[in-house]
Each structure stands twice: as structure tokens, then as C-alpha cells.
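For reference, the chains in residue letters:
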Amino acid sequence: MEQIIPALMILGFVAIIMSKQINRVTKNLDNKQSSTGYSSYAKFSAVIQDEIREIKNQIDSSKIIENRHYILLEGKNESALLEILSDYIRKLVFFETLMAKQKSAQEIEADLFEILSGMELFLKENCVDGEMLADALRERLLNAYEQI
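Small disclaimer: the values here were computed from a predicted structure and weren't measured.

Considering the environment of serine 40
Alright, step 1. With respect to the element layout, serine 40 can be found in helix α1 (residues 4-59).
Alright, step 2. On the accessibility criterion, serine 40 (22% relative accessible area) is partly exposed.
Alright, step 3. For serine 40 and tyrosine 145, which are 105 residues apart along the polypeptide, the C-alpha to C-alpha distance reads 8.5 Å.

Focus on the environment of aspartate 135
Alright, step 1. Note that aspartate 135 resides in helix α4 (residues 130-147).
Alright, step 2. C-alpha separation for the pair aspartate 135 and lysine 124, spaced eleven residues apart in sequence, amounts to 9.7 Å.
Alright, step 3. Of the polar contacts made by the side chain of aspartate 135, one reaches the side chain of arginine 138; its length is 2.9 Å.

Looking at the nonpolar core
Alright, step 1. Core analysis: the biggest nonpolar cluster contains 27 residues, and Ile52, Ile55, Ile59, Leu85, Leu112 and Leu123 have the highest contact counts within it.
Alright, step 2. Of all the secondary structure elements, the ones that give two or more residues to this core are α1, α2 (78-93), α3 (105-126) and α4.
Alright, step 3. Take this core: its biggest share by element is seven residues, from α1.
Alright, step 4. Apart from residues lying up to four places away in sequence, isoleucine 52 is in contact with Leu85, Tyr88, Ile89, Leu92 and Met119.

Examining the packing of aromatic side chains
Alright, step 1. Tallying each qualifying case throughout the model produces two aromatic pairs.
Alright, step 2. Taken together, a centroid distance of 5.0 Å and an interplanar angle of 70° make the contact between phenylalanine 44 and tyrosine 145 edge-to-face. Here the residue phenylalanine 44 occupies a position in helix α1, and tyrosine 145 occupies one in helix α4, the gap between them amounting to 101 residues.
Alright, step 3. Since its relative accessible area comes to 42%, tyrosine 145 is described here as partly exposed.
Alright, step 4. An angle of 75° between the planes, with centres 5.6 Å apart, marks the rings of phenylalanine 94 and phenylalanine 95 as edge-to-face.
Alright, step 5. Take phenylalanine 94: its relative accessible area is 26%, and that puts it in the partly exposed class.

Calculation notes
Residues numbered from 1 in each chain as written. Predicted model: local features only at pLDDT ≥ 70, side-chain atom pairs only at ≥ 80, totals over all residues. Heavy atoms only, no water. Helix = DSSP H or I, 4+ residues; strand = E, 2+ residues; numbered from the N terminus. Buried < 20%, exposed > 50% of the residue type's maximum accessible area, 1.4 Å probe, protein only. Polar contact = N/O pair within 3.5 Å; in protein donor to acceptor, adjacent residues only side chain to side chain. Core = buried A, V, L, I, M, F, W, Y, C linked by side-chain atoms within 4.5 Å. Contact = heavy atoms within 4.5 Å. Phe/Tyr/Trp six-rings, centres within 6.5 Å; stacked < 30°, edge-to-face > 60°.

Right under this line is the structure:
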């Protein structure tokens with residue numbers, strides 16, 4: 001009986017140490033997974049921004065560009081549409097800040113979906129061959145997302 005009490009004390013001490021170590025390791029794994037998740041959102045956001053900037057540059061009639069792919073339909077208000085594209089870029093910059101980490105992955109994905117849906121609708125309603133342009137944009141963004 002005298003030998004059991006010290007053995008139980010040592011066993012309890014080892015169990016407490018192991019429990020703390022397991023908690024520390026799992027906490028580090030959770031932090032690592034969340035930080036890599038947010039960095040992928042930031043990278044994808046940067047890709048989307050580049051695409052929108054390209055659209056914006058090609059729509060802007062003040063810029064001299066050969067072989068424009070994005071051409072506005074007749075009667076569309078260019079300055080208002082350029083401002084809409086600028087608003088999308090401003091929203092996307094948020095995902096590259098530390099403030100984005102305060103949102104859950106579901107909230108970020110919902111925000112990105114809203115922006116991408118808006119871009120698709122923008123192209124369909126305002127550009128010549130908008131349906132084809134939206135499909136091509138969707139394909140490029142899907143490929144970029146899979147590489148991230």
C-alpha cells in the first residue's frame with residue numbers, strides 16, 4: 001500500500017504535464033491553420049484586385065490601350081462604372097489587413113462571394129460580350145485560387 005501512493009502521485013503529475021503539453025501543441029496547430037487560411041484569402045484578394053484593375057484600365061477611355069477586351073456598351077456612364085470598380089478594390093484591400101482576421105472564414109467567404117458575384121453581374125450588364133468575359137474571368141480566378 002505504501003508503494004501505491006507514490007506511484008499514483010507520479011502518475012498524476014505526469015498526466016498533468018502531458019495534458020498541458022497536448023493543449024499547447026493543439027493551440028499552436030489551430031493558430032497556424034487560421035493564419036495560413038487568412039493568408040490564402042489575402043493572396044486571393046490580391047489576384048482579384050489585379051483582375052479588377054485590368055478591367056478598370058481597359059474600360060477607362062482616357063487610357064490608350066491596344067486590343068481592349070473590356071469595352072463598355074453604348075450609353076453606359078463610364079465614370080460611375082469606374083467608381084464601382086474602385087469600390088470593389090477598396091473592399092478587397094480589407095482582406096489584406098489584420099482587421100480581416102477578426103472575421104470568421106465563413107464571413108470572409110461570403111464577402112468574397114458577394115464581390116465576385118457583383119463583378120460577374122457588372123461584366124454581363126455593362127460590357128460587350130459580357131457573358132463570355134464573365135466566364136473567362138471566373139475560369140482565371142478559379143485557376144488562381146487552386147494554385148494558392
